[in-house]
Structures are given as C-alpha cells and as structure tokens.
Amino acid sequence: MTMGLIPPPLRNDCFAMPQGAHWTPVDTALAHLRANLQPVTGVECVSVAEGKGRILAGPAIALRAHPPEPNSAVDGYALKGPISDGAHEMPLVAGRSAAGVPFAGSVPAGQAIRILTGAVIPRGTDTVILQEDVTTNGDAIAFHGPLKAGANMRKAGEDLHKGQQIFAARHQLTIGDIATLSSVGVGMMNIRKRLRVGVLSTGDELVNPGNIARPGQIYDANRPMLCAALRSWGYAVTDLGIAPDNREAIKRKLDAGAQDCDVILTSGGASAGEEDHMSALLENTGSLALWRIAMKPGRPLALGLWNTKPVFGLPGNPVAACICALIFAKPALSLMAGGAWQDPVSYQLPAGFTKSKKDGRREYLRARVTEDGTVETFASEGSGRVSGLSWATGLVELPDAAVTVAKGDLVRYLPFSNLGL
Ligand code: AMP
Ligand code: MG
C-alpha cells in the first residue's frame, strides 16, 4: 500500500457497456460496475476509536494475543486441576492475583490462592473454583470436587493469536471491530480517506424546501434525501445545490464538483429528451454511457466522467432516484471508496399482497413487514408518490422473470437497514 498517493482516475470507458439487448438486466449492470470500478481515494492514518464506518486500506493484524495470558473468568481461588470427586480442604498461599496486579510467586502443589476476575493465573495453577463454591476462614478453603482442569479460566490466545489477520483490506469497521482491534493493541490503522461525493439537482422547476415556490415550481426532494443517504454511508458530502436546465449553469456546477469531490451524483435530466442536459453534457465528454436498465422504477441512468471524476446521473423522479441510488450508486460508491462489493442481505418473507408482472424487468416495490411477519407493499405503485418511501421500511424485489405472487408466497424483502440507511 502506497501511503498518501491518490489512485489514478477511472478509465474514460469505465461505464461503457457492450451493445446488445436494448434493456440491460439489473444483474448485468451490477456486474459491470463491479468489474470496472476501483478505489479512487487515498489513504490516511486514523485512530481505531474514530474509525466506525471507515474502510481499511490494508489487512488488520493482531499485535498481541487475546487474551495475552491465561486469566480467571470469575472471582474465586486458583489451584491445580483436576480435582477429584468428594470433599477437599486446601491451605491458602498468602497474597492474591488481581486484574492488573498478578501474583509474583508460584503456588505449591496442594495449595490454592485468592484470585479475582481478569487476573493472570499464577504459576503452579491452571484451574479456578468459584468463590460461591467454597467456604474459607482466610487461611484455607473447603469445597467439593470434582472440578475439571482449566475450569473458570480463559486460555492465552483462545480468542485471537498474535500475528493473526483479523480483517482483510476493504473491510468496513463496526463498533465490534473497534473493540476487537483495540483488544489486540491496534490503536491506529491505514484507512481510506473518506470518499467525497457531490450532489447536484437539475431542473428549472426546482426550489429549495423552506423557500416560497412560485407556480410551476416544485420542491427539491432528491438532494436532501441523497445527501442524507450518503452521510449514513460514511461519505463526505458536498452540496452542489440546484442547477437550472441550462448547460452552462450545469457545467459550472460540475466543474466545481469535480474540483472538490471524488464522485458526483446528479438527479434529473438524465434521459435523452431536449431538456435532458446531464446526458447531453456527458455525451460531449465522450464518456457518456446511457444505461437503460430493465427495472421498475427506473429511467435511463446517465453515467460518465467529468474532468476525470465519475458522474452518476440518476433519474429525477424521487422514487426512481432513491431506488437507483440504493441499487446502483451504493455498491459503486463502496468500491470507489475502497470498500468491498456489497450485495445487500435480503430475506424471503411471505407476501401479504398479490401481484403479477411480465417477463424481462425487475421490479422494486416499496414495502414493509407487518406484525404477523408478512410483507405488504405500498398501495400505489406510481413512482410519483414520494410518501411511499416514508411508509416503507424496505423494498420487495421481484425477479426479472414473469411472476404471479399470491398471498403467502415467499418474496424477497430488502430492509432499508440492510442498505445502510
Ligand atoms: P427529469 O428526470 O428531469 O425528466 O425529471 C423527472 C421528474 O422528476 C419530473 O417530474 C421532475 O419535476 C421530477 N424531479 C426532478 N428532479 C427532482 C427533484 N430534485 N426533486 C423532486 N422532483 C424532481
Ligand atoms: Mg428535468
């Protein structure tokens, strides 16, 4: 791993898909992204404690075993096991072993020593009896056997070995990982710099929520939604604002975005109509790939490079923009951020709805799980209904092939929480 070097830009044709069927299946589009995208961010050294959600630039190796030495799992008395059946009495060695303050001496055979949870097992012992299982006068203990050798203690390295690879490069750190790395002494890690993502909305009709909307204007729903999604995915977001349907204005925004960001997400103007300026501008760079994906909801996705920075031109319709961002932009951004390819985990749940669809197009329905464990879908499939995104807790994914779903049939449910939202 070369420290501090920014990887070379993506190739101009990285989004170009072989011409073939007019409508590209979702899986083909995903496979193309997976095969052609690489990390575009540099590397920095980051404290593990600050690393939640960050992506490892190299493997994480245990600097020490965990536990480093054998220690007691309970408060009690350390002795040499095994102990046979029946009643026993044992003299106590003076002193004790406590967490952080190990017993310096050695315990003679047939004797025991006071030990506390987390304390190193003293030399001469290998077993701990619970304090609740003994009576003592301070000089000796009495208890009943049997007791297996090694009872109530943790062996050195039983959790992790020194030198063991704990995580591979590309792993995204969870809070559990922060505990694991800390426990083996890893304080700093080489981490991918945060992917910087610019977000631009395009359209003459758009106005920022909170402002007065004149007749003919609508509020920009996509940019706040996309910025929020990107932040939950751990990226650094640059809000590029709204550009009107004017090529010069969009160009200026893209120039600014390409300067400050690693990737740009836009919404609106991505089709091939006369007001679809995003696709026209990318066409002029020679890098445009207009992906017509066989899915609903969806309109073309306009992909390309602007001043070497990848641009994801999402559809304007907020439901389509959201679902295209979740299905395509999310895994693509993960690769560009230096992370692993992520196929979101979905579950097979019984349908609480009926539906039939034709062959040749994958469908994503706004969905949620009811208390009886069935999954229901939003009443209106019309993709203009933004409120369905609020109603839903996830998506039902219906396969490309024709299906008729009857109540109780298993369908694939993809919770938003599994999409990092
Ligand atoms: P377009 O892809 O530009 O043709 O837009 C498709 C539809 O989505 C139109 O009805 C637009 O008004 C609407 N739309 C585009 N961008 C946004 C946005 N940022 N927020 C809400 N609706 C939008
Ligand atoms: Mg538009």
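Above this text sits the structure in question.
This is a predicted model, so every value here is computed, not measured.

Caption draft 1: A look at a negative patch on the surface. Together, Asp204, Glu205, Glu274 and Glu275 make up a negatively charged patch on the protein surface. You can see Glu274 is positioned in the loop between strand 17 (263-267) and helix 5 (277-285).

Caption draft 2: Expanded view of empty space enclosed by the protein. Inspection of the entire model under this criterion finds one cavity of 30 Å³ or more. A volume near 60 Å³ is recorded for the largest cavity. Around the largest cavity, the lining residues are Gly53, Arg54, Ile55, Arg192, Lys193, Arg194, Leu195, Trp233, Gly234, Tyr235 and Ala337. For the lining of the largest cavity, the class distribution of residues is five nonpolar, two polar and four charged.

Caption draft 3: Quick look at the packing of aromatic side chains. Following the criterion strictly, the structure yields two aromatic pairs and no others. Both rings, one in Phe15 and one in Phe312, keep their centres 5.8 Å apart while their planes meet at 85°; by these two values the pair is edge-to-face. Separated by 297 residues along the polypeptide, Phe15 in the segment before helix 1 (26-36) and Phe312 in strand 21 (residues 309-314) bring together distant segments of the chain. The same class applies to Phe15 and to Phe312, which are both buried. Arranged with centres 5.5 Å apart and planes meeting at 50°, the rings of Phe378 and Trp391 form a pair that is tilted. A residue pair is termed long-range when its members are at least 10 positions apart, and Phe378 in the loop between strand 25 (375-377) and helix 7 (387-391) and Trp391 in helix 7 qualify at 13 residues. Between Arg114 and the ring centre of Tyr77, over which it is positioned, the NZ or CZ distance is 5.2 Å.

Caption draft 4: Geometry of the site of ligand 1. The full set close to ligand 1 counts 15 residues, and Glu205, Asp220, Ala221, Gly269 and Asn317 are the nearest of them. Between Glu205 and ligand 1, the recorded distance is 2.5 Å, taken from a side-chain N or O atom to an oxygen atom. Asn222 is positioned with one of its side-chain polar atoms (N or O) 3.3 Å from a nitrogen atom of ligand 1. Expressed as a share of its isolated accessible area of 480 Å², the protein-covered part of ligand 1 is 75%. Within the shell around ligand 1, the residues separate by chemical class into five nonpolar, seven polar and three charged.

Caption draft 5: Inspection of helix 3 (residues 222-232) at higher detail. If you check which residues of helix 3 are buried, you get Asn222, Arg223, Leu226, Cys227, Ala229 and Leu230. What you see down the axis of helix 3 is that its buried residues fit within an arc of 165°, all on one side. Where the residues of helix 3 are buried, they touch strand 13 (196-202), strand 16 (236-243), strand 17, strand 21 and helix 6 (318-336). Note on helix 3: the residue one or two positions beyond its end, Gly234, has a positive phi of about 95°.

Caption draft 6: Looking closely at the environment of Ile323. Counting through the fold element by element, Ile323 comes out in helix 6. C-alpha separation for the pair Ile323 and Leu254, spaced 69 residues apart in sequence, amounts to 23 Å.

Caption draft 7: Structural detail: the pattern of salt bridges. The final tally for this structure, using the stated rule, is 15 salt bridges. Of the charged contacts, one joins Lys355 and Glu363 as a salt bridge, the two residues approaching to 3.0 Å between their closest N and O atoms. The exposure class assigned to Lys355 is buried, which follows from its relative accessible area of 14%. Residues joined by salt bridges that share partners form a network here, namely Lys296, Lys355, Arg361, Glu363 and Glu381.

Caption draft 8: The arrangement of unusual backbone geometry in detail. Here the bond from His66 into Pro67 is cis, since omega is -5°, no more than 30 degrees from zero. You can see Pro67 is positioned in the loop between strand 2 (60-61) and strand 3 (71-72). Between Lys296 and Pro297 the backbone carries a cis peptide bond, its omega angle lying at 0°. Locating Pro297 in the fold gives a position in the loop between strand 19 (295-296) and strand 20 (301-306). The phi angle at Arg170 is positive, at roughly 85°, despite the residue not being glycine. Of note, Arg170 is situated in the loop between strand 11 (165-167) and helix 2 (175-183). One non-glycine residue, Asn307, lies in the positive phi region at around 50°. Mapped onto the fold, Asn307 is located in the loop between strand 20 and strand 21.

Rules used in this analysis
Residues numbered from 1 in each chain as written. Chains lettered and ligands numbered in written order. Predicted model: local features only at pLDDT ≥ 70, side-chain atom pairs only at ≥ 80, totals over all residues. Heavy atoms only, no water. Patch = residues over 30% accessible without salt bridge, like charges linked within 9 Å, V, L, I, M, F, W, Y side chains within 5 Å. Areas by Shrake-Rupley, 256 points an atom, 1.4 Å probe, with all protein chains shown as cover. Salt bridge = Lys/Arg side-chain N within 4 Å of Asp/Glu carboxyl O. Lys, Arg positive; Asp, Glu negative; His and termini not counted. Charge placed at Lys NZ, Arg CZ, Asp CG, Glu CD. Helix = DSSP H or I, 4+ residues; strand = E, 2+ residues; numbered from the N terminus. 1 Å grid on protein atoms, 1.4 Å probe; cavity = no way out; pocket = protein on both sides within 12 Å on 5 of 7 lines; lining within 4 Å. Points joined across faces, edges and corners; volume = space filled by probe spheres on them. Nonpolar A, V, L, I, M, F, W, Y, C, P; charged D, E, K, R; others polar. Phe/Tyr/Trp six-rings, centres within 6.5 Å; stacked < 30°, edge-to-face > 60°. Buried < 20%, exposed > 50% of the residue type's maximum accessible area, 1.4 Å probe, protein only. Lys NZ or Arg CZ within 6 Å of the ring centre and 35° of its normal. Near = heavy atom within 4 Å. Polar contact = N/O pair within 3.5 Å; in protein donor to acceptor, adjacent residues only side chain to side chain. Arc of directions from axis to C-beta. Contact = heavy atoms within 4.5 Å.

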